[in-house]
Structure formats: structure tokens, C-alpha cells
Amino acid sequence: MERHLHNPLTAGLSDVHRPQPCTLVIFGGGGDLSHRKLLPALYNQALDGELPANYAVLGFALEEMNDEGFRDFAREGIETFSRQKLDPAFWPDFAHKLHFQQGSFTDAEAYDGLKRRLEEIESRFGIPGNRIYYLAIPPSLIEACVQQLKRAGLVMPLDGSGRFSRIIVEKPIGRDLASARQINAVLCKNFNEEQIYRIDHYLGKETVQNILVMRFGNSIFEPLWNSRYIDHVQITVAEEEGVGTRAGYYDQAGALRDMVQNHILQLLTLIAMEPPWTMDANVIRDNRQDVLHCLRSIDRKEIDRSVIRAQYGAGFWRGQEVPGYRREEGVANGSTTESYVALKVFIDNWRWSGVPFYLRTGKRMPKRASEIAIQFKSVPPIFFNADRSHPLEPNVLALNIQPNEGLSMQIATKLPGPKVKIYPVKMDFRYGSTFGEASPEAYERLLVDVMAGDATLFMRRDTVESSWIWIQAILDAWADNRSRWLPEYEAGTWGPVEADRLIETDGRKWRLL
Amino acid sequence: MSAAKPVYHDIHCSSPVQVSLSDIEKELTGLWHSLNRDAAGSQTLTRACMSNLVVYCDLRSEADAVLQDLPKILEVHPARVLLLIGETERTNDDLKAYLSIYYSPVSDGWQLCAEQVTVYCRQNAARRLPSIPRALCVGDLPTTLWWVSSQPPPLAGEIFYSLADNADQIIFDSIGWKNPVKGVLAVTQWIAGNDSHVIYNLAWRRLKAWRKLISEALDPVVAPDALATVSRLEIEHGPHALPVAWLLVGWLAARLKWQPVEGRLLSQSAMTWHFECGKDPIDVLVKRRDEGDAWIDQLLWSWSGNAGGTVMFYQLGERKLGVSGKGAPVAETVVAIPESDRARLVAAQMAHRFHDELFEDVLEVSNRMAAILLK
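This structure is a prediction, so every number in the text was calculated from the model and none was measured.

## Let's talk about helix H10 (residues 281–294) of chain A
Residues and elements named next belong to chain A.
So, point 1. Its 14 residues give H10 an end-to-end C-alpha distance of 21 Å, which sits within 8% of 20 Å, the value for a rise of 1.5 Å per residue.
So, point 2. If you check which residues of H10 are buried, you get Ala281, Val283, Ile284, Arg285, Asn287, Arg288, Gln289, Val291 and Leu292.
So, point 3. On its buried face, H10 sits against helix H9 (255–272) and helix H14 (461–480).

## Considerations on the nonpolar core
So, point 1. Grouped together as the largest cluster of nonpolar side chains are 154 residues, with contacts concentrated most on Phe27(A), Phe94(A), Tyr111(A), Ile167(A), Leu343(A), Phe357(A) and Ile372(A).
So, point 2. Take this core: its biggest share by element is 11 residues, from H9(A).
So, point 3. Each of domain 1 (8–173) and domain 2 (204–374 + 437–451 + 460–504) of chain A contributes no fewer than three residues to this core.
So, point 4. Sequence-distant contacts of Ile167(A), defined by excluding residues within four places in its chain, comprise Tyr133(A), Leu135(A), Val146(A), Leu149(A), Leu187(A), Phe191(A), Gln195(A), Ile196(A) and Tyr197(A).
So, point 5. Phe172(B), Trp204(B), Val249(B) and Ala328(B) belong to the second largest nonpolar core, which has 100 residues in total.

## Topic: the packing of aromatic side chains
Residue and element names in this part refer to chain A.
So, point 1. The full count for this structure, using the stated rule, is 31 aromatic pairs over all chains.
So, point 2. Seen from their ring centres, Phe70 and Phe100 are 5.4 Å apart, and the 40° between their planes marks the pair as tilted. Here Phe70 is found in helix H2 (residues 67–81), whereas its partner Phe100 is found in strand S3 (residues 98–102), with 30 residues between them in sequence. In this pair, the class of Phe70 matches that of Phe100, namely buried.

## So, unusual backbone geometry
Residues and elements named next belong to chain A.
So, point 1. Of note, the amide linkage connecting Lys171 to Pro172 takes the cis form, showing an omega dihedral of 0°.
So, point 2. Turning to its location among the elements, Pro172 is positioned in the loop between strand S5 (165–170) and helix H6 (177–190).
So, point 3. Each neighbour pair has its own omega, and for Gln402 with Pro403 the value is 5°, a cis peptide bond.
So, point 4. Mapped onto the elements, Pro403 comes out in the loop between strand S14 (396–402) and strand S15 (406–415).
So, point 5. For Arg364, which is not a glycine, the phi torsion comes out positive at approximately 55°.

## Remarks on the confidence of the model for chain B
Where the model shows low pLDDT, its predicted coordinates should not be examined in detail.
So, point 1. Per-residue confidence for chain B averages 87 on the pLDDT scale, and 94% of its residues sit at or above 70.
So, point 2. This complex was scored by the predictor with a pTM of 0.84 and an ipTM of 0.81.

## A closer look at the interface of chain A and chain B
By a widespread convention, an interface's size corresponds to the accessible area lost as its parts come together.
So, point 1. Each side of the interface is counted separately: chain A has 40 residues, and chain B has 42 residues.
So, point 2. For the pairing of chain A and chain B, the buried interface totals around 3400 Å² over both sides, and the portion due to carbon and sulfur atoms is 57%.
So, point 3. Applying the counting rule to chain A against chain B returns one salt bridge.
So, point 4. Ionic pairing is found between Asp93(A) and Lys320(B), a salt bridge with its closest N-O pair at 2.7 Å.
So, point 5. Between the two partners, chain A and chain B, sit 10 residue pairs in polar contact (both at pLDDT 80 or more).
So, point 6. When residues of the side of chain A that touches chain B are assigned to their parent elements, the largest contribution, eight residues, is made by strand S16 (residues 421–430) of chain A.
So, point 7. Here the residues of the side of chain A that touches chain B are counted per class, giving 21 nonpolar, 10 polar and nine charged.

## Digging into empty space enclosed by the protein
Residues and elements named next belong to chain B.
So, point 1. The full count for this structure, using the stated rule, is one cavity of 30 Å³ or more.
So, point 2. As a volume, the largest cavity reaches approximately 90 Å³.
So, point 3. Looking at the largest cavity, it is lined by 14 residues, and the ones nearest its centre are Trp177, Val184, Asn201, Leu247 and Leu363.
So, point 4. Secondary structure elements with two or more residues in the lining of the largest cavity: helix H5 (180–192), helix H8 (242–256) and helix H10 (357–374).

## Here's the deal with the environment of His17(A)
Residue and element names in this part refer to chain A.
So, point 1. Take His17: it is sitting in the segment before strand S1 (22–27).
So, point 2. Each C-alpha atom, one on His17 and one on Asp454, is 7.7 Å from the other, the two residues being 437 residues apart in sequence.
So, point 3. Discounting chain neighbours no more than four positions away, the residues touching His17 are Arg445, Val448, Asp449, Ala452 and Asp454.

## Focus on the pattern of salt bridges
All names here are of chain A.
So, point 1. Here the structure, examined in full by the defined rule, presents 42 salt bridges over all chains.
So, point 2. A salt bridge links Glu222 to Arg351; its shortest N-O distance comes to 2.8 Å. Of the two residues, Glu222 sits in the loop between helix H7 (206–216) and strand S7 (230–238) while Arg351 sits in the loop between strand S11 (340–346) and strand S12 (356–362), which places them 129 residues apart along the sequence. There is no split in this pair, since Glu222 and Arg351 are both buried.
So, point 3. Put simply, Lys363 and Glu239 hold a salt bridge, and the shortest N to O gap is 3.1 Å. With Lys363 in the loop between S12 and strand S13 (369–376) and Glu239 in the loop between S7 and helix H8 (247–253), the pair connects residues that are 124 residues apart, well separated along the chain.
So, point 4. Take Lys363: its relative accessible area is 2%, and that puts it in the buried class.
So, point 5. Within this structure, Asp67, Arg117, Glu120 and Arg124 form a network of salt bridges that share partners.

## So, the sheet that holds strand S11 (residues 230–237) of chain B
Residues and elements named next belong to chain B.
So, point 1. The eight strands lie next to each other as S12-S13-S14-S11-S15-S16-S17-S18, forming an open sheet whose pairing is mixed. The open sheet is flanked by strand S12 (259–267) and strand S18 (333–336), the only strands paired with a single partner. Here the average twist between neighbouring strands, direction ignored, is 15°.
So, point 2. Looking at chain direction, strand S13 (residues 270–277) and strand S14 (residues 280–288) are connected through eight bridges and run antiparallel. Residue pairing in the sheet places Thr272 in a bridge with Leu285 of S14.
So, point 3. Packing against the sheet, H10 makes contact with S12 and S13, and its axis sits at approximately 55° to S12.

Scoring rules and cut-offs
- Residues numbered from 1 in each chain as written.
- Chains lettered and ligands numbered in written order.
- Predicted model: local features only at pLDDT ≥ 70, side-chain atom pairs only at ≥ 80, totals over all residues.
- Heavy atoms only, no water.
- Helix = DSSP H or I, 4+ residues; strand = E, 2+ residues; numbered from the N terminus.
- Expected span 1.5 Å × (residues − 1).
- Buried < 20%, exposed > 50% of the residue type's maximum accessible area, 1.4 Å probe, protein only.
- Contact = heavy atoms within 4.5 Å.
- Core = buried A, V, L, I, M, F, W, Y, C linked by side-chain atoms within 4.5 Å.
- Domains from an automatic or database assignment.
- Phe/Tyr/Trp six-rings, centres within 6.5 Å; stacked < 30°, edge-to-face > 60°.
- pLDDT = per-residue confidence, 0-100.
- Buried area = accessible area lost by both parts, 1.4 Å probe.
- Salt bridge = Lys/Arg side-chain N within 4 Å of Asp/Glu carboxyl O.
- Polar contact = N/O pair within 3.5 Å; in protein donor to acceptor, adjacent residues only side chain to side chain.
- Nonpolar A, V, L, I, M, F, W, Y, C, P; charged D, E, K, R; others polar.
- 1 Å grid on protein atoms, 1.4 Å probe; cavity = no way out; pocket = protein on both sides within 12 Å on 5 of 7 lines; lining within 4 Å.
- Points joined across faces, edges and corners; volume = space filled by probe spheres on them.
- Pairing = 2+ DSSP bridges.
- Axes fitted to C-alpha atoms, helices over the stretch in contact; angles between N-to-C directions.

Right, dumping it as C-alpha cells:
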């Protein structure tokens, strides 16, 4: 088949993003991620007319299910979790494209069956052999799955045929540097790096994408975006729920692996990166990678001055009594896994020299909130700011990632009257109330990106490994510490007193969200 | 004011108050102030505004329909709205103005998303209307003129040109034009001589789902000869949708390099064009159904190469398009049409501030098709 046969009719439909006809195979198609996120995301994109005309979905998993059962499973997920209501008039057309193949991820024969099923679906739906494999499975199964795909001839090489095989891998990529390298080695042995999409759904959020637009689409921010004008940056990812049904996984992972290694470091790179010279995926990813290179390593002797970990104790959350971390079902007795971590981080490059980045994340906090706050330096202590006992509040630019996506700016203003009384006023911009329509969910955007072959919002191998190298130093220091004691914070509060000290010794304080 | 019931989702609207045209800014300040009193804590009233939207209607009935659309538009594109209604028997006054504001909750306060000035006038005052947007549009913001009239814009005369002078973008809708051939000719000639405005026909935006499905179903990878050896097209459309079918044929001709050679009106409800692509002939038949909705009902695409084939594209109700093939390698499928009511189309278009070169190419071919038909 000739590559890139010219189709003049595609002009003007979409400049960059043109999802290609394909079959999406969801490994773990009967699981929670598929139910809550992937199938609703596909449905929404189909309803919005964003998917190609020729596509199909094939769930592959151990569960005993047939096509009809999978369609019922999808329908239930869409009715419960979809951004848009299920449209009964469109549902049969969408359901018609959903299929299920039962099989074990480690069974070679199951993959031969998968191949036959794919060929049958592709012939029926006019799909030219393009396949996307979404691994919604535990990390321990990735290696077997990838090897079986290769063995069964399900991985199309990048040979210019125009057909593609792409693989999407969910976080966490490993639980430490060694295991991340192991997973990456297996992926790269069987797929080309260009075919691998390591997903971090945070990067698909509208506000996260808006960070780049805000920084590089406006001329007023970038000149201030450096150590000369910025006092410090705070990144907070607060979760209100406890470990819940994820206790088994979470107790092996903890907040540092679960949140900091991926989501928070990705947010940090977007805030701190240098301006890219083009929208090319690799250029943007190179610039994010440079930030990781410049992250100052945390010296294990100094670790307690830079990193605070803690567990939630019993307390009250929204008026309801909740147990402490160690009393949660599925958590090991005497567990030292952190449910909260706060860090003080420096980026040793010209732009950010001396500017602390305070990062914190935790479970059982008072509310769900993710925010990046840029606090600018105070005006000099003269004139309006001459009263040292009542300094003016500094300007803060806050980017709200969730739940109320948007940004706000705090500025000082004069209260009306004969006297000069200055008051901080918050100017609030919200996507929801300004642009009305609900933004597409992160998974919607990311799935269409993979169909279109756009890797900008996905993590490259070097990014994953660089972040693990930095995190590993902290994990090693913690492993050396044989103490079974961890600071505790009451459930439903903003974290331990030790974390307050981390920032307050610098003369700053955590933002109240 | 905050207790008012939302008019759409979270959007609230104050009751219109009659104002003197010379006092509008002062009255607006008063309305903002009363809204700001409801804000609590350190949250002040904020205002988001992306554009000026000047709407012109010939008739009260058109204005009533626009009033239904405005909250949906303003929800996604906050703007200052000047709704100008050029004909009414309601009043003896030449010009009568009403003022209202739209706002939505944010944090513990309110965000103002639009101000609406509605001006009614009798026809003999229409020449005074263009002076109103000149005085009332917010500076530094782009201005869109939404022309809501069954008259093609250039045929409306002075009032259209005066209002267009003040605008960066002009939006109109060719669906419902009484004489589409005359309208297409007038509009294409006007656009050909106009570089200063972004001009957009909502009928073109409605075609997007059709364009996407046709381009994907007939992609050379899927149906290798379907585009290159097309020989015949048959299009059926509902009442008032001839301009849409015309644009569809214009798009195909522009992209596939068909040259219009001949055109004939077969009856009140059918016309045909003969195109050439190189030396290959292509015949296009466009037929109107007597009843139905103002959209394209179906398109039959036949080609001759490699044993040939025929593919049928069809609209299935308001939100679905289908495709099926006879002896063709095209898979039968049904796709959703994204919601495309008029308010959404206008809001989406307001966010586009640049010329659509493809649309202008299509108009150029459409113009030649009209000229050949009238020859």
C-alpha cells in the first residue's frame, strides 16, 4: 500500500489533529478504568463527532463476557460517569462498534484469537489495520502482555506502510528507578519509542494545557517569570478521600510515588520550562526534560529539611468520623507508607536560581483541590508598604487545575474614601463560568491525540527515568531510616505541623485553599 | 438581582429596563453596581468580555428567536450585545432602547458575562441604527455583525454596509434565502471584493460533519478510485436547503479540481451541472424534496474506475449521518453530528477571527456555478 495517498477533501477539517481509522484494544477492558474513564471518553468523542468514521473498540480481559455483556458494561459506565448524557438515539450506533474478547494476558493462544478477532473487525468496519493497545492492567502484567503482542505478530513495525500499531501505558511506570527501566526496556524492545504513549492524565486537563498558552501566548507574564520577580511557587494536589478501595496498591506506593513522581513533577516542568521554539512534541518534551535535569538532588543528610512525609490519623472529614491511615482496610499493620508528602525543591538554572518550589500532596485533606500558585515578590517596604507590622499582601497568580478550572489573580487596590486603605482583591477567571461548556475530560483529549499520533502530552522514556532518578534519592534515604515513626496529621486537616515548619522557617506559609 | 432564575444553565439575566440611548453607559454602571452589592468577602464583581456582537434583524419574530439563542452564545462567548431590530409597529417612537445584563455565579460572587442593549426602531429610523454600535461598542475588542435576515446581506442595501463598516467579522446564514441563485451571486461578488472582513456563512459550518464523513469514507486508502474517477453525484435536499447543497458541490469542485462547464434548471425543484476534471466528465443532479427539514437528505456518489462503485451518504434525523456502499469497499457506518443549533454555530464562529481560505475557494467555485446557471 502506498504511504500517504493524497486526500484533497481533508483540507480545512483539522490542521493538526486528525484521528486515523483504528481499532482501540483495551487490555483490562472489563476493569474500573475502562468503566469509569475510557469508555465514557470514547462515547463523548464519538458524540462530538471527533472520532474517525471507521473505528472500533475491543475489550480484552479475563472476565467472562461477550460483546453484549461488554456493551451493557459500557452503557452503565457511560450513564454513570460520562460528561454528556447517553443519547438513546445514538447509543445503538456506538454500541455496534464495541466488542469483547475473553482471554488471559499471559496466554499465547488468547493472542492468536485476538489477532483473528481484530482482522474480522477491521474487515467489517473498513479499518486499514491500525491498532492502538491500551494497557489498563497492573504494571506486573505489562511485560508479558507486550511480549505476547509481539510474538503474535500484532506489532506493526514503522516500515512506511502507513499502518500503525501504538501502545498506551498507564502510570505508574514502575515503582522505582530499576523497575521503571525494566518496563521501558521491555516496551522499547518490542515497540519503537514513537509508538509508545505513556499517559499521565493530568497533562490532558484543560488548565494544564492552558499553562503553556498563558505563559507563551501573553507577553505580560514571561518577563516576570523568573527569580527576579517570583518569590516562590506552591504546587498543591489535595485529595479529600482516604485510600478507599486502592489500599492494596497505595500502601505499596505512597504519596511520593503515586503523585509526585508523575503528576506533580509534570506540572512543575510545565511551569518552569523554557519557551519552546515550535509546537513540535519532541521540542516541548525536550524543554520539560531540561527542567528535570536541573532539579537539585536532595541530600540524604538534609532530607528532613526538604521533605516531610506523614500519615493521616483519625479525625473528622466533612463532619464524619473517619479512621486513621493504619486503621484503613487493606493497609498493613505498622505501615510506614506516607499518605502525605511536602517538599521544598530548587531548580538550579539561570531562570529559577534561589526560587523555592514548595510541593505538597496528601489524602484525607479538607477538600479536593489542585492548584499551582505563583507568588510574586512583595513591593519594597516603603511608601504603601512602609508599615512593617502590616505588610501588603503580595500578588499571587493561582492556576486552578481542579475542581474549578481557571485562574485567579490577587491584586492590591485602594478602598474608596479619603484615606489610603489598601485591600487585596481576587480577580477570578473560571473556564466553566466564562466559556460555559464543560471541557472535555482529560482522557477524551488524550485518546484522540493517540489516534492522531500526537505525543506532545505524553511522557517520553527519558522523562520517566529522570523523574525516577530524582525520586529514588528520596526513597533511598527513607529506606535507610529505620524509624517506624511518621508524623501524623488529623484527617480533614491540611497536613502535619512539620510541613508547616518546612515553609514557615523560610518566612512563608502554605496557601489556604 | 441575584435571586432571578437562570435563563440558561448558570446564566442569569436582569429584567430589561427602558433607557435613553444617551444614558446607556450610566445605566450600565448602575446595573453593575447593584450586582456588585451582592458579592461577598474579598470577591469583587468580575467581568469577562471577548467581543462586541451586533445583531441585526428585520422582524420581531427573528429578534424573538435571537433572544432565545443569546444566553447560549454568551455562555461560551461573553460579549456586549447590541440587538438592533429594524422594523416594529410596537411604538410610535423612532428608537426605543432596553438594557439588561447577563451574569453567572463565580466563587462567592458574580461574574458579569454580557450586557445587552436592544434597540427597536421603525423602518424610517433604520438609517440611524448604524450610529448606535459606533457609540456603544467596547473599544479594543473585535466586533461581529450577525446578520439575521432572509435578505442576502449585500442585497439589503445601505443599512447592511453601514453596519458592516463597524465590524471585523460578518456572520450570515444562506438557509432560507428566497432566491438562492441571486443570493449566491451577490454574496460571492461582495466577498471577492472584500478583504477587510472575515465573512462567514453558517450553512458552511453545518456542512462540516458531511465533509468529514465524505472525506473519511472515500479516502483513497479505503476506496482507491472513488475520488479520482467520480462520474455522477445525486443530491437530495429539503426545502430551503439549496444553498447548503450548493456549497457542498462547490466544496467538492474546489477540492477535486472540477471545472463547471454547463448548468441547467430542470424544474422548480431540480437543477443539474456538468463538470470536467481533466477530460473526465462529472454530472451533478441536485433535487429538492417537497417536504422535510432544511438539510441535505442524501448524496449518491458513483465512480467508474476499477469496476466502479456507488456509495450513499444520508442524514438520519437531526444528529446522525450514515454511509453505505453498493459493491464498494466502504464500510456501512453511522456517525454522530455534533450539536449544531444556530446558537452554537454563531458562538463557534465568533471565536474564529481569521479568513477561512477554503470557504472562500468554495465561494469562488459557487460563483462560477451560479454564473453558468444564469447564462
